[in-house]
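Here are the chains, one letter per residue:
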Amino acid sequence: MEIRFSHSPEETLRMSTQELRRHFLVQHLMQDDVVRLVYAHDDRLIIGGARPLTNPLHLPNHPELKADYFLERRELGVINVGGRGTVHADGQTFELEKLDAVYLGKGTREVSFAAVSPHDPPVFFLLSAPAHASYPNQVMKKQDAAPMQAGDDKNANKRTIYKYIHLDGIRSCQLVMGLTMLEPGSVWNSVPPHTHTRRTEVYFYFDVPAAQRVFHFMGQPQETRHLVMANHEAVISPPWSVHFGCGTSHYGFIWGMAGENQVYNDMDVVEVKSVL
Ligand SMILES: O=C[C@H](O)[C@@H](O)CC(=O)C(=O)O
Ligand SMILES: [Zn+2]
């Protein structure tokens with residue numbers, strides 16, 4: 001498991017492109033028959049990817065957690081952005097089609113991921129946060145994820161926001177998770193931008209065509225920097241950072257958060273005209 005420590009706003013504004021990418025961008029998350037994990041010390045999030053082909057993949061423990069098993073003191077959200085797959089959790093099996101999610105609570109001992117067909121493998125995005133109580137393991141289909149329309153065509157940001165793990169959906173200790181799908185012709189996400197110093201957020205871009213990129217903006221609202229991101233890459237947004245982006249095509253992205261509260265609308269909006 002890779003470990004990423006936190007960085008202050010002050011040091012971040014002096015970083016080169018390569019330094020920004022090394023500290024905030026998470027690449028190569030989805031590898032065949034591998035569970036890859038990255039521990040980000042911002043809100044102690046663990047970001048992961050699992051792409052099982054022929055064999056079930058087990059969620060490993062890690063010595064750094066000083067736990068008997070991964071979810072001893074943690075909870076986990078999983079969203080599938082690939083083909084049909086299954087998530088096994090202590091004798092329960094959850095089947096996830098593309099854009100379905102499952103929540104696994106603290107105390108779940110055995111977790112594994114499998115493909116239904118190796119020719120169309122699932123692509124599981126994982127996000128885990130520390131947990132103090134056990135909430136039930138639960139699956140949610142995309143159509144049950146409270147779709148909410150946002151943006152419009154003329155501003156090229158028409159999109160649908162699906163919420164899976166949140167106060168009125170699957171309950172959790174800290175995790176808040178969902179995804180956003182942009183309409184063809186719409187390319188801007190999360191405009192107007194915002195921060196929420198109460199929570200760290202991770203964006204994971206998917207359905208980005210191979211020849212296209214998303215220009216993701218981060219940084220303090222008047223000190224923005226950008227990261228050029230390809231399909232299946234994630235970016236860590238520290239609590240003080242904006243997180244919004246513009247693609248060279250339409251795309252989708254998973255967003256996931258943890259921290260002080262779980263109120264989805266708790267965003268300190270930054271007027272577009274004040275961004276620098
Ligand atoms: O804090 C919330 C997150 O940044 C996202 O949910 C925003 C988003 O998906 C969007 O506007 O499309
Ligand atoms: Zn946000």
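The name given to the protein in an unreviewed UniProt entry is 4-deoxy-L-threo-5-hexosulose-uronate ketol-isomerase, and the organism recorded there is Thermoflavifilum aggregans. Annotation of the protein in UniProt includes, under Function (unreviewed entry), the sentence "Catalyzes the isomerization of 5-dehydro-4-deoxy-D-glucuronate to 3-deoxy-D-glycero-2,5-hexodiulosonate." Listed in UniProt under the heading Sequence similarities (unreviewed entry), the comment for the protein reads: "Belongs to the KduI family."

Peer 1: I tried to follow the overall build of the protein on my own but got confused; where do I start?
Peer 2: Of the regular secondary structure elements, the protein holds 2 helices and 24 strands. For a compact globule of 276 residues, the expected C-alpha radius of gyration is about 19 Å, and the protein comes in at 18 Å, within 12% of that figure. Taken across its 276 residues, the protein has 45% of its residues classed as buried. In the protein, once contacts between residues fewer than 6 apart in sequence are set aside, the share between residues at least 24 apart is 73%.

Peer 1: Help me out: how do you make sense of the pairing of strand β11 (residues 124-130) in this one?
Peer 2: In the case of a regular strand, side chains alternate between the two sheet surfaces. Most of β11 is tucked away: 6 of the 7 residues are buried. Two strands pair when backbone bridges link them, and strand β4 (residues 45-50) and β11 are joined in this way by 5 bridges, in the antiparallel orientation. Residue pairing for β11: isoleucine 47 is matched across the bridge by leucine 127. Pairing geometry for strand β6 (residues 74-80) and β11, over 7 bridges, is antiparallel.

Peer 1: Help me understand the confidence of the model for the protein, please; the structure alone is not making it clear to me.
Peer 2: Any residue range with low pLDDT should be treated as having predicted coordinates unsuitable for detailed reading. Scored by pLDDT, the protein comes out at a mean of 98, with 100% of its residues at no less than 70. The ipTM assigned to the predicted complex is 0.99, against a pTM of 0.98.

Peer 1: So what exactly am I meant to see when it comes to unusual backbone geometry here?
Peer 2: Peptide bonds are mostly trans, and most non-glycine residues show a negative phi. In this chain, valine 191 is followed by proline 192 through a cis amide linkage whose omega measures 0°. Among the secondary structure elements, proline 192 is positioned in the loop between β16 (188-189) and β17 (194-195). Located in the positive-phi region is aspartate 43, a residue other than glycine, with phi close to 55°. With respect to the helices and strands, aspartate 43 occurs in the loop between β3 (35-40) and β4. The class of aspartate 43 is buried, set by 21 C-beta atoms lying within 10 Å.

Peer 1: Just checking my understanding: could you explain the UniProt feature "binding site: Zn(2+)" (unreviewed entry) in the protein for this structure?
Peer 2: According to UniProt, the positions carrying the feature "binding site: Zn(2+)" (unreviewed entry) are His194, His196, Glu201 and His243. On the basis of their most widely separated C-alpha atoms, the annotated residues across 50 residues gather in one place, lying no more than 11.3 Å apart. Turning to its location among the elements, histidine 196 is positioned in the loop between β17 and β18 (199-206). Judged by local crowding, histidine 196 falls into the buried class, with 22 C-beta atoms found within 10 Å. Among the secondary structure elements, histidine 243 is positioned in the loop between β21 (234-237) and β22 (244-247). Overall, the presence of 23 C-beta atoms within 10 Å leaves histidine 243 in the buried class. Look past the residues within four positions of histidine 243 in its chain and what remains in contact with it is Ser190, Glu201, Tyr203, Met218 and Ser237.

Peer 1: Explain the sheet that holds β22 to me, please; I cannot follow it from the model alone.
Peer 2: Each strand in a sheet pairs with another by means of backbone hydrogen bonds, the pair being arranged parallel or else antiparallel. Pairing in this open sheet of 4 strands is antiparallel, and the strands run β16-β22-β19-β20 from one edge to the other. A single partner strand is all that each edge strand has here, and the edge strands are β16 and β20 (223-229).

Peer 1: What exactly am I supposed to notice about the site of ligand 1 here?
Peer 2: The local shell around ligand 1 consists of Ala150, Arg159, Ile161, Thr180, Asn189, Ser190, Glu201, His243, Trp255 and Met267. Partitioning the shell around ligand 1 into residue classes produces 4 nonpolar, 4 polar and 2 charged.

Peer 1: Looking at this structure, I do not really get the sheet that holds strand β15 (residues 176-182). What am I missing?
Peer 2: A sheet is described by the order of its strands in space; here 7 strands give the open sequence β2-β21-β18-β23-β15-β14-β13, paired in antiparallel fashion. Strands at the two margins of the open sheet, each flanked by one partner only, are β2 (25-26) and β13 (148-150).

Peer 1: Can you walk me through the nonpolar core in this structure?
Peer 2: Across soluble globular proteins, nonpolar side chains have a tendency to be buried as a group. Ranked by internal contacts, the top residues of the largest apolar core, which has 72 residues, are Ile47, Val202, Phe204, Tyr205, Val235 and Phe253. Contacts of valine 202, omitting those with residues within four sequence positions, involve Leu45, Ile47, Leu127, Ala234, Val235, Ile236, Ser237 and Gly256.

The rules we used
- Residues numbered from 1 in each chain as written.
- Chains lettered and ligands numbered in written order.
- Predicted model: local features only at pLDDT ≥ 70, side-chain atom pairs only at ≥ 80, totals over all residues.
- UniProt positions renumbered as here; feature names shortened; annotations may be inferred.
- Helix = DSSP H or I, 4+ residues; strand = E, 2+ residues; numbered from the N terminus.
- Rg over C-alpha atoms; globule rule 2.2 N^0.38 Å.
- Buried ≥ 20, exposed ≤ 12 C-beta atoms within 10 Å, placed from the backbone.
- Contact = placed C-beta atoms within 7 Å.
- Pairing = 2+ DSSP bridges.
- pLDDT = per-residue confidence, 0-100.
- Near = placed C-beta within 6 Å.
- Nonpolar A, V, L, I, M, F, W, Y, C, P; charged D, E, K, R; others polar.
- Core = buried A, V, L, I, M, F, W, Y, C linked by C-beta atoms within 7 Å.

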